[in-house]
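Okay, here's what each chain looks like letter by letter:
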Amino acid sequence: MHWLSKRRNLFIMIMPTLIVYTVYIVASVCIAIYYSFTKYSGIGKATWNGVQNYIRVFHDKFFWISLKNTGIVLVISLVAITVLGFLLANVFRVKRRGNDICKALIFSPAIISPIIVGIIWIYILDPEIGLLNSILYKMGKEGWMQAWIGGTVLSPYMYAIIFLWRQLGYMSTIFLAGLNMIPGEIYESAEIDGANAWQQMIHVTIPMAKGTFNIVILLIITGVFKIFEFVTQLTAGGPNHLSEMLVTYSYTTTFSNGEYGYGMALVTVTFIITLVLSGIYNFITRDKEEI
């Protein structure tokens, strides 16, 4: 252990990870930012065109559509996953028969490949062959049948439901780990003081779980801005880019349309939005001692 106490040796130990991170993350981000200032098709030589790609971004109606769709998914996910994940963690915290089975069932979507997630939900939500519309038709509720995916309105809401289904178990597990770290003596003291279960949740559990809430909310923010696979599987952003998310629109622009420079500008803007939202949240929720 004396060997580990030396700063030079600690630096040597983290060097391999630092090199990999620099090459595959930092360098990639820098290269993407560079190409965002160029006109480049991915083949041949890139031509410098300054901020023209960024000017184009803010005049691109499909960018604003994809930003709106991403915002809808983000707002719904923040509310639903945070609230339901916290409530589930409180339910699982109490030892009950069958809890382990329920935990496994709720967590299982988190380990399914996003491509498989897309395939599963196609057979549920597709307007033509989907299970949901088939059930409504059999029930005689044809008026309730909708273009759940691939339409002009409901697609982002369905993305939010799928993201909720996939992430709820994972986030509730994080909440459960955070709640288990709260000392039981605090609840015993609160109970002695006459606090009921609701008062204990409001005045003990939620304040003590502030750090866990911060982690979950940041994971949701970054997770929503990385949604790609199941959206591509469900709608591919159609019709006419009306159901795009920011990442899928960036991908389509870069690799399907061959506009590498403009695609990197879209990626950079998405990266900045994610960074700003995360930074604002961290600033708002920072401890008073840090001010």
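Look above for the structure.
Here we summarise the structure given alongside this text. Since the structure is predicted, the reported quantities are computational estimates derived from the model, not experimental observations. (Residues numbered from 1 in each chain as written. Predicted model: local features only at pLDDT ≥ 70, side-chain atom pairs only at ≥ 80, totals over all residues. Heavy atoms only, no water.)

1. Quick word on unusual backbone geometry
Put simply, Gly238 and Pro239 share a cis peptide bond, and its omega is 0°. Relative to the elements of secondary structure, Pro239 occurs in the loop between helix H11 (229–234) and helix H12 (246–256). Of note in the backbone geometry, Ala236 takes a positive phi value of approximately 55° without being a glycine. With respect to the element layout, Ala236 can be found in the loop between H11 and H12. Phi is positive for His241, which is not a glycine, with a value near 65°. Note on placement: His241 falls in the loop between H11 and H12. (Helix = DSSP H or I, 4+ residues; strand = E, 2+ residues; numbered from the N terminus.)

2. What to know about the side chain of Thr268
Relative to the helices and strands, Thr268 resides in helix H13 (residues 260–284). The class of Thr268 is buried, set by a relative accessible area of 7%. The residues contacting Thr268, other than those within four sequence positions of it, are Ala32, Ile33, Ser36 and Tyr54. (Buried < 20%, exposed > 50% of the residue type's maximum accessible area, 1.4 Å probe, protein only. Contact = heavy atoms within 4.5 Å.)

3. Thoughts on the layout of surface pockets
The probe, sized like a water molecule, is rolled over the atoms to show the empty space still left. Taken as a whole, the largest pocket holds about 580 Å³ of empty space. Lining the largest pocket are 23 residues, and of these Phe225, Lys226, Val267, Thr270 and Phe271 lie nearest its centre. Elements that contribute at least two residues to the lining of the largest pocket include exactly helix H1 (7–35), H12 and H13. Here the lining of the largest pocket takes eight residues from H13, the largest share from any one element. Partitioning the lining of the largest pocket into residue classes produces 13 nonpolar, eight polar and two charged. Contributing to the lining of the second largest pocket are 15 residues, with Phe163, Arg166, Gln167, Gly223 and Lys226 lying nearest its centre. Elements with a minimum of two residues in the lining of the second largest pocket: helix H7 (155–180), helix H10 (210–224) and H11. (1 Å grid on protein atoms, 1.4 Å probe; cavity = no way out; pocket = protein on both sides within 12 Å on 5 of 7 lines; lining within 4 Å. Points joined across faces, edges and corners; volume = space filled by probe spheres on them. Nonpolar A, V, L, I, M, F, W, Y, C, P; charged D, E, K, R; others polar.)

4. Digging into the environment of Ser41
Within the secondary structure, Ser41 sits in the loop between strand E1 (38–39) and strand E2 (47–48). For Ser41 and Thr254, which are 213 residues apart along the polypeptide, the C-alpha to C-alpha distance reads 8.1 Å. The residues touching Ser41, leaving out its near neighbours within four places in the chain, are Gly258 and Tyr260. Among the polar contacts made by the side chain of Ser41, one reaches the main-chain carbonyl oxygen of Ile43 at a distance of 3.2 Å. (Polar contact = N/O pair within 3.5 Å; in protein donor to acceptor, adjacent residues only side chain to side chain.)

5. Side note on the nonpolar core
Ranked by size, the top nonpolar core spans 57 residues in total, and within it Val224, Ile227, Phe230 and Leu234 carry the most contacts. No other element matches H7, which puts twelve residues into this core. Residues within four places of Phe230 in sequence aside, it is in contact with Pro114, Val117, Gly118, Tyr159, Ile162 and Phe163. (Core = buried A, V, L, I, M, F, W, Y, C linked by side-chain atoms within 4.5 Å.)

6. Quick notes on the environment of Thr252
Along the polypeptide, Thr252 turns up in helix H12. A residue is classified by how much of its surface remains accessible, and Thr252, at 15% relative accessible area, is buried. With 16 residues separating them along the chain, Thr252 and Ala236 place their C-alpha atoms 8.7 Å apart. Residues contacting Thr252, with those up to four places away along its chain left out, are His241, Glu244 and Asn257.

By themselves, these are just geometric observations and shouldn't be taken as functional.
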